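Understanding the architecture of this molecule
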Amino acid sequence: MAFLFNPQTQPTYTDPLPETVDVAIIGAGVIGISTAWFLREQGLSVLVCDKGVVAGEQSSRNWGWVRVTWRDPAEVPIAIDSLKCWEHITSQLDEDVGFQRAGIMALASSEEEMAELAEWREFAKTHDLEIEQFGADKVQEHIRISSANWLGGTLTRSDAKAEPFKAVPAFARHLHKNGLFIREHCAVKALDVEGGKVAGIVTEHGRVRARQVVCAAGVWSSRLLNSAGICLPQLGVRGTVVRTAEAPEVFGGAVALTDLFVRRRQDGGYTLATGMTQHSPGPNSVRFFRQFLPSRHSTHELKLKFGADPTQRPLFCPKGRIEEPSPFCATRVLDPEPSQAGVDLIRRRLVQRVPELAEVPFAQTWAGMIDATPDVVPVMDAVDSLEGLFLATGFSGHGFGFGPGAGRVMADLVTGAPARFDLNRFRFSRFSDGSKMEPGPAI
């Protein structure tokens, strides 16, 4: 049976809004739902609001990789913990979401790429990660492809995969059964602020009092925060993904073939993507141009695609102004069209990189909008200028596998628990304190 990507638009959760909760979370993607998971484990009352539906946007549209491999060095300890969190969460579900430590492999077609893999392997040793490195003579022992272009590669057997369209909705169903308030089609129009502190949220269906608020609104975060006078440099980029029909297995996990990314799916097909993304220039592109300049070298496959981007605030909308009518009510689920150029590129690279799959039919294509920051790493922090507000956004296309670990980080921040990790790299103030932007890996 093929597992179709079928983006839901109609609400499942229509809970009455509670008058007050301990924590209100804006956004029902992997970050928001994972944060709710760990807050609920500590006994806090939590409301998750989404303008659309649970995992309606990027959290169901990604590649399905759950990895430590090739992450920004500051992310690695959290990514390792996130794999443990995935095991912890999925062990409590009564449904299979495809989580499996099936391994993630990278193959190299040049000496430069081999050197990069070796460098990553040496760094990984400092975190006790076991990564197998092999040469050209061992490639076909690890993956069933006949291409002779590969000089070798690495395999991280502890890395995993999961099915994005199943995972976060399953997390939400479990939480809802166990007391989490979820309200879909309930856009948060603004933060409720009293005396310089967060007092709750203002939704399209009324106010909810909350001692703390977590903004996990993905690509919409910058526009939402603007109404509170908070400037978050963030841009949206569109990524295109392909699902193939059922096909022979070449590798059971996920593999990076230089410029083609392949994951074996539960339904016997593959999820395919490249590093090519598209950005539609708009007012935010101008506002944040200087801050994003350093990341241009790590996004060499970024293309410009002119068109409307509803996540960008209008040119003449100053900070601190609540937009009317609300843009969050106008676009319930952001469902961008896949790029035909991106689909064609995936086919060309598949023919070149995996001849065994060259003729496999493409059964479905879709696209998602990625919330990117200037340094390609997320913000996970309290906002000093507004007590009680916390940010968990800007995961730059790397949030699915990272999400449960990030959720535990955010729960600790909200409850004031001792930090498990060094979070300096993820502080919000780095965009305003003169820090030099040092972009992490784009993939």
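Bear in mind the structure is a predicted one, so any value in this text is a computation, not a measurement.

1. Overview of the environment of P283
The topology assignment puts P283 in helix α7 (residues 283-287). For P283 and L315, which are 32 residues apart along the polypeptide, the C-alpha to C-alpha distance reads 5.3 Å. In this view, P283 contacts Q312, R313, P314 and L315; residues no more than four positions away in its chain are not counted.

2. Re the pairing of strand β2 (residues 46-49)
Going residue by residue along β2, you find V46 and V48 tucked away on one face and L47 and C49 tucked away on the opposite face as well. For strand β1 (residues 20-26) and β2, the ladder comprises 4 bridges, and the chain directions are parallel. Across the sheet, the residue bridging to A24 is L47, located in β2. At this point the chain moves from β1, through helix α1 (residues 30-41), to the parallel β2, and the crossover so formed is right-handed. Sheet topology places β2 next to strand β8 (residues 181-183); 3 bridges connect them, and they run parallel. Bridge pairing links V48 to I182 in β8.

3. Some thoughts on the packing of α1 against helix α5 (residues 164-177)
Following both chains from N to C, one finds α1 and α5 inclined at 30°, their axes separated by 10 Å at the closest point. When the axes of α1 and α5 are compared, the pair comes out roughly parallel. For α1 against α5, the interelement crossing comes out left-handed. Note on element contacts: α5 touches α1 through V168, F171, A172, H174 and L175, opposite V30, I33, S34, A36, W37 and R40. Considered class by class, the residues forming the contact of α1 with α5 number 8 nonpolar, 2 polar and 1 charged.

4. Notes on the packing of aromatic side chains
With the rule as written, the count across this model stands at 11 aromatic pairs. Look at W65 and W70: their rings are 6.4 Å apart centre to centre, the planes differ by 50°, and that puts the pair in the tilted class. Between F395 and F402, the ring centres sit 6.1 Å apart and the planes meet at 55°, which makes this aromatic pair tilted. Residue classification places F395 among the buried positions, given a relative accessible area of 5%.

5. Section: the nonpolar core
With 69 residues, the main nonpolar core has I25, V46 and M380 as its most contacted residues. Sequence-distant contacts of I25, defined by excluding residues within four places in its chain, comprise G32, T35, A36, L39, V46, L47, V48, C49, V214 and A216.

6. Describing the pairing of strand β11 (residues 206-215)
The pairing of β1 with β11 spans 6 bridges and is classified as parallel. Bridging from a neighbouring strand, T20 pairs with R209 of β11. As paired strands, strand β10 (residues 197-203) and β11 are joined by 4 bridges and run antiparallel to one another. Directly across from V202, in β11, lies its bridge partner R207. Linkage of β10 to β11, two consecutive antiparallel strands, is achieved through a turn of 2 residues.

7. Side note on helix α3 (residues 111-125)
Owing to its 3.6 residues per turn, the α-helix brings residues three or four apart onto one side. The terminal C-alpha atoms of α3, which comprises 15 residues, lie 21 Å apart, in line with the 21 Å expected from a rise of 1.5 Å per residue. Residues of α3 that are buried include every one of E113, M114, L117, W120 and A124, and no others. In a view along the axis of α3, the buried residues occupy a sector of 125°, so they form one face of it. Residues of α3 that are exposed and angled more than 90 degrees away from the buried face: E111, E112 and E119. Those residues of α3 hidden inside the fold are in contact with α2 (76-90), β4 (104-108), β5 (132-135) and β6 (152-156).

8. A look at the packing of α1 against α2
Closest axis-to-axis distance for the α1/α2 pair is 12 Å, and the angle between their directions is 70°. Viewed along their axes, α1 and α2 adopt a mutual orientation that is roughly perpendicular. Note on packing geometry: the crossing formed by α1 with α2 is left-handed. Across from W37, F38 and E41 in α1, the residues of α2 making contact are C85, H88 and I89. Of the residues assigned to the contact of α1 with α2, the class counts are 4 nonpolar, 1 polar and 1 charged.

Calculation rules
- Residues numbered from 1 in each chain as written.
- Predicted model: local features only at pLDDT ≥ 70, side-chain atom pairs only at ≥ 80, totals over all residues.
- Heavy atoms only, no water.
- Helix = DSSP H or I, 4+ residues; strand = E, 2+ residues; numbered from the N terminus.
- Contact = heavy atoms within 4.5 Å.
- Buried < 20%, exposed > 50% of the residue type's maximum accessible area, 1.4 Å probe, protein only.
- Pairing = 2+ DSSP bridges.
- Right-handed = clockwise from strand over helix to strand, strands pointing away.
- Axes fitted to C-alpha atoms, helices over the stretch in contact; angles between N-to-C directions.
- Parallel < 35°, antiparallel > 145°, perpendicular 65-115°, else oblique.
- Left-handed = near helix turned anticlockwise from the far one by under 90°.
- Nonpolar A, V, L, I, M, F, W, Y, C, P; charged D, E, K, R; others polar.
- Phe/Tyr/Trp six-rings, centres within 6.5 Å; stacked < 30°, edge-to-face > 60°.
- Core = buried A, V, L, I, M, F, W, Y, C linked by side-chain atoms within 4.5 Å.
- Expected span 1.5 Å × (residues − 1).
- Arc of directions from axis to C-beta.

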